[in-house]
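Below are the chains, spelled out letter by letter.
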Amino acid sequence: TTDNFLNYTLTIMPTILLVDDDANVGGALDSTRYLREALDSGGFDYDLYTVPGGSGPNYNSGQTQLINYDIVIWNTGYESVNTLTVDDQKNLDRFLTDDTSGRSNLGSLWQIGQNFLADPKIDADFITDDLHLLSVITPAAALTNPLRGNPAHPVAKNWSAPATNINVTTRVTG
């Protein structure tokens with residue numbers, strides 16, 4: 001008969017690779033744990049690759065291959081040297097630009113790191129061509145003014161005492 005039909009919606013979630021390249025696995029400066037917690041709380045399935053030192057995953061060789069993922073989240077944490085190796089940059093370039101791989105779309109990269117652009121090994125072409133940054137601004141000098149609360153505001157009223165000033169150049173950990 002013609003009255004039998006089925007509507008079915010299939011949602012295909014992107015494949016995600018989280019690259020832990022912060023050199024602080026389990027330490028006080030392990031910033032990748034926050035990304036893992038965010039992905040877990042959002043219910044996302046993802047693979048975790050911890051860079052053992054040196055270069056991270058290759059584009060299309062090795063056990064973990066960038067070509068197999070739609071999204072790569074690469075975290076270099078607080079590092080400002082030895083962040084992305086030359087090989088990492090080449091592999092990420094292929095991940096972002098290789099349209100001959102048979103994938104239906106190019107890869108998406110979320111590069112996270114407090115100081116990775118200060119790394120002298122980061123190639124200028126990688127910054128402009130792959131990350132699409134037109135310029136990088138580095139502060140000329142550290143800020144010297146302390147951050148103070150507004151005593152009239154209920155959230156920040158206790159920040160006005162000199163003992164609770166937070167110097168904006170001091171990293172708060174915890």
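Procedures and definitions
- Residues numbered from 1 in each chain as written.
- Predicted model: local features only at pLDDT ≥ 70, side-chain atom pairs only at ≥ 80, totals over all residues.
- Heavy atoms only, no water.
- Helix = DSSP H or I, 4+ residues; strand = E, 2+ residues; numbered from the N terminus.
- Buried < 20%, exposed > 50% of the residue type's maximum accessible area, 1.4 Å probe, protein only.
- Contact = heavy atoms within 4.5 Å.
- Areas by Shrake-Rupley, 256 points an atom, 1.4 Å probe, with all protein chains shown as cover.
- Pairing = 2+ DSSP bridges.
- Axes fitted to C-alpha atoms, helices over the stretch in contact; angles between N-to-C directions.
- Expected span 1.5 Å × (residues − 1).
- Arc of directions from axis to C-beta.
- pLDDT = per-residue confidence, 0-100.
- Polar contact = N/O pair within 3.5 Å; in protein donor to acceptor, adjacent residues only side chain to side chain.

Before we move on, could you go through the overall build of the protein chain and cite the residues and values that matter?
The number of helices and strands found in the protein chain is three helices and six strands. Overall, the protein chain shows an N-to-C arrangement of helices and strands of β-α-β-β-α-β-α-β-β. Relative to its 174 residues, the protein chain shows a buried fraction of 28%. Counting only contacts in the protein chain whose residues sit at least 6 apart along the sequence, the fraction spanning at least 24 positions is 62%. With the model as given, the accessible surface of the protein chain reaches about 11700 Å², and the carbon-plus-sulfur share is 54%.

How would you sum up the sheet that holds strand β1 (residues 16-20)? Please name residues and give values.
Pairing is parallel across the open sheet formed by four strands, whose spatial order is β2-β1-β3-β4. If you trace the sheet from one side to the other, it starts and ends with β2 (47-50) and β4 (108-112), each paired once. Going across the sheet, the axis of each strand differs from the next one's by a mean of 15 degrees, ignoring polarity. Relative to β1, helix α1 (residues 32-41) is tilted by about 160 degrees, and along the sheet it contacts β1, β2, β3 (71-75) and β4. Contacts between helix α2 (residues 86-97) and the sheet are confined to β3 and β4, with β4 contributing the most and set at about 145 degrees to the helix.

Tell me what's going on with α2, and back it up with residues and numbers.
The end-to-end C-alpha separation of α2 is 16 Å, in line with the 16 Å expected for 12 residues at 1.5 Å each. Restricting attention to buried positions, one finds in α2 the residues Asp 88, Gln 89, Asn 91, Leu 92, Phe 95 and Leu 96. Down the axis, α2 shows its buried residues gathered within 165 degrees of arc, on one side only. Close packing links the buried residues of α2 with β3, β4 and α3 (124-130).

Hey, could you go over the confidence of the model for the protein chain for me, with residue numbers and the actual values?
The share of residues in the protein chain with pLDDT of 70 or more is 75%, and the mean pLDDT across the chain is 82. Within the protein chain, the lowest mean pLDDT, 47, falls on strand β6 (residues 166-167), and the highest, 97, falls on β1. Contacts from residues 160-170, a stretch scored under 50 in pLDDT, to residues over four places away or in other chains number 19 contacts.

Before we move on, can you summarise the environment of Thr 85 with the specific residues and values?
Within the secondary structure, Thr 85 is located in the loop between β3 and α2. Taking C-alpha positions, Thr 85 is 5.8 Å from Ser 55, a pair spaced 30 residues apart along the chain. Each residue touching Thr 85, except ones within four places of it in the same chain, is listed here: Gly 54 and Ser 55. Of note is the side chain of Thr 85, whose polar atom sits 2.8 Å from the side chain of Ser 55.

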